[in-house]
Amino acid sequence: MPAVTADTLALPRLPAPRVEDVPRPVRSVTTAPSGFEGEGFPVKRAFAGVDLRDLDPFVHMDQMGAVEYAPGEPKGTPWHPHRGFETVTYMLDGTFQHQDSHGGGGLITDGATQWMTAGAGILHIETPPEELVMSGGLFHGFQLWVNLPARDKFSQPRYQSLEGDQVTLLASDDGGTLLRVIAGDIAGHSGPGSTHTPITVVHATVSPGARLALPWRLDFNALAYVLAGAGTVGVPGRPIRSGQLAVFGPGDQVVLAAGERQESRAPALEVLLLGGRPIREPVAAYGPFVMNTREELIQAVEDYQAGKLGVIPENALMPHTG
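Bear in mind that the values here come from a model prediction, so they are computed numbers and not experimental data.

Chemist: Teacher, can you tell me more about unusual backbone geometry here?
Modeler: The general pattern is negative phi for most residues beyond glycine and trans for most peptide bonds. At the junction of Asp56 and Pro57, the peptide bond is cis and its omega measures out at 20° in the coordinates. For Pro57, the location among the structural elements is in the loop between α1 (52-55) and β4 (58-69). Of note in the backbone geometry, Ala187 takes a positive phi value of approximately 50° without being a glycine. Mapped onto the secondary structure, Ala187 falls in the loop between β15 (185-186) and β16 (189-190). Assessed through its relative accessible area of 37%, Ala187 is described here as partly exposed. With a phi angle near 60°, Arg280 is a residue other than glycine that sits in the positive phi range. Examined against the element boundaries, Arg280 turns out to sit in the loop between β24 (269-276) and β25 (284-286).

Chemist: Any chance you could explain the sheet that holds strand β9 (residues 113-117) here in plain terms?
Modeler: Strand pairing in a sheet relies on backbone hydrogen bonds, with the paired strands running either antiparallel or parallel. Taken together, seven strands build an open sheet; the order of strands is β2-β3-β4-β11-β6-β9-β12 and the sheet is antiparallel. At either margin of the open sheet sits one strand with a lone partner, and together these are β2 (34-37) and β12 (158-162). Within the sheet, the average angular offset between the axes of one strand and its neighbour, ignoring direction, is 25°. Sheet topology places β9 next to β12; five bridges connect them, and they run antiparallel. Each bridged residue has a counterpart across the sheet, and for Met116 the counterpart in β12 is Tyr159.

Chemist: How do you make sense of the pairing of strand β6 (residues 85-93) when you look at a structure like this?
Modeler: Consecutive residues of a regular strand have side chains that alternate between opposite faces of the sheet. The buried count for β6 comes to nine of nine residues, which makes it a mostly enclosed element. Of the pairings in the sheet, the one linking β6 to β9 comprises five bridges and is antiparallel in character. Residue pairing for β9: Tyr90 is matched across the bridge by Thr113.

Chemist: Any chance you could explain the packing of aromatic side chains here in plain terms?
Modeler: One pair of aromatic rings is described through two measures. These are the centre distance and the angle between the planes. In total, this model carries two aromatic pairs according to the counting rule given. Note on Tyr90 and Phe142: the rings are 5.5 Å apart at their centroids and 70° apart in plane angle, and the pair reads as edge-to-face. Of this pair, Tyr90 sits in strand β6 while Phe142 sits in strand β11 (residues 137-147), and the two are 52 residues apart along the sequence. Just as Tyr90 is buried, Phe142 falls in that class too.

Chemist: Can you walk me through helix α3 (residues 294-305) in this structure?
Modeler: Residues three or four positions apart in an α-helix share a direction because the helix packs 3.6 residues into each turn. The terminal C-alpha atoms of α3, which comprises twelve residues, lie 17 Å apart, in line with the 16 Å expected from a rise of 1.5 Å per residue. Packing partners of the buried residues in α3 comprise β25 and β26 (289-291). One or two positions beyond α3, positive phi appears at Gly307, with a value near 80°.

Chemist: I tried to follow the environment of Gly176 on my own but got confused; where do I start?
Modeler: Residue placement: Gly176 occurs in the loop between β13 (168-171) and β14 (177-183). Residue contacts for Gly176: discarding those within four places in its chain leaves Thr205, Val206, Ser207 and Ala210.

Chemist: In this structure, what is going on with the layout of surface pockets? I would like to understand it.
Modeler: The space that makes up the largest pocket amounts to roughly 640 Å³. Lining the largest pocket are 26 residues; nearest its centre among them are Leu227, Ala228, Ser242, Arg265 and Ala266. The biggest single contributor to the lining of the largest pocket is β4, with five residues. Looking at the second largest pocket, its volume works out to about 410 Å³. In terms of lining, the second largest pocket is formed by 24 residues, of which the most central are Arg53, Asp54, Asp56, Pro278 and Arg280. At the level of secondary structure, the elements contributing two or more residues to the lining of the second largest pocket comprise α1, β4, β19 (222-228) and β22 (244-248).

Chemist: What should I look at first to understand the sheet that holds strand β23 (residues 253-258) in this one?
Modeler: Pairing is antiparallel in the open sheet, where four strands are placed in the order β18-β23-β20-β21. The open sheet has two free edges, formed respectively by β18 (211-215) and β21 (238-241), since each of these has just one partner strand. On average, each strand axis in the sheet is tilted by 30° relative to the strand beside it, whichever way the strands run. Bridge count for strand β20 (residues 230-233) against β23 is three bridges, and the pairing is antiparallel. The residue bridging Val233 from the neighbouring strand is Leu256, located in β23.

About the criteria used
In every chain, residue numbers begin from 1 and rise along the written sequence. A pLDDT threshold of at least 70 governs which residues receive local features in this predicted model, and a stricter bar of 80 or more applies before side-chain atom pairs are shown or counted, although totals over entire chains, interfaces and linings include all residues. Hydrogens and water are ignored here; the side-chain numbers use all heavy atoms of the structure. Under the scheme used here, helices are H or I runs from DSSP no shorter than 4 residues and strands are E runs no shorter than 2 residues, and both carry numbers assigned from the N terminus. For the exposure calls, accessible area comes from a 1.4 Å probe over protein chains only, and a residue counts as buried if that area is under 20% of its type's maximum, exposed if over 50%, partly exposed in between. Here, any two strands with at least 2 DSSP bridges between them count as paired. A fitted line through C-alpha atoms serves as each axis, taken over the contacting stretch for helices, and the angle formed by two N-to-C directions is quoted from 0 to 180°. Stacked, tilted and edge-to-face are the three classes applied to pairs of Phe, Tyr and Trp rings, where Trp contributes its six-membered ring and a pair requires centres within 6.5 Å; stacked means planes under 30 degrees apart, edge-to-face means over 60, and tilted covers the rest. Expected helix span is computed as 1.5 Å times (number of residues minus one). Throughout, a contact is declared for two residues whenever any of their heavy atoms are within 4.5 Å. Only protein atoms enter the 1 Å grid, on which a cavity is a set of points fitting a 1.4 Å probe that cannot get out and a pocket is an open set with protein on both sides within 12 Å along at least 5 of 7 lines, lining residues being those with an atom within 4 Å of a point. Grid points are joined across faces, edges and corners, and a volume is the space filled by probe spheres set on the points.

As structure tokens, this is what we get:
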């Protein structure tokens, strides 16, 4: 279950769809393959098999979990570098610790979002706290990589910590959907995330049988990733379920609907809605680096090996083991 919930009857509501609004067509629905990241925590590669031109300005996203860890099982990542993009880590359930070589850090807990601009280069670690390693528990979230245009790839690194109670909460026009606006603007309601690249990030909980027609910027692309539950996307409705990504074409609004019946483990349709203004520049990616050219990738690797992307601090977090 999402950590941040609210009674939609008490929230601001979106305007009802207009007759002239054009629903975005569904270009594709793909299923995320499973894999492992860091020290071995399970992930689903949400963007696998999707053309980067359809994802632009996004380049990568992992759904982390959902997994119920036994004591001693929680895992994270060791210290590692990044350059050329931003990471957005959103925790639905569980706790991660973050620390980076630029002074950023803290706990990412239920419903919180951590935003790290790697820019010119940074080292960081994400690991479960020792008490969680010892106790075990539920772990579920996602990490999104947002590309930076060439002019911003060597910007100063920065860190934002957004607590769960800072997100903007809205309801659909009929009250059937709870919307958590993390970044961007929905019908004049803005999320707290500050971004170099203009994007929108929304977590929607659609009640069984409810339909959502969400206004969407014409100059943004639109993606919908199902975190839990089942339903349809687009008009007419195309089936979609947990672990699948829908890519939309152009239009005024994104349309979703939750199935009348949901599994007990997922009582509603949980969807992550993403969009951004395409950068439309060449993308050269290698491991933790996202640049514009192969030469810039080679330089990023050489700079990392020379210690130019940052230094692990003296008080550094280190991965905990049970």
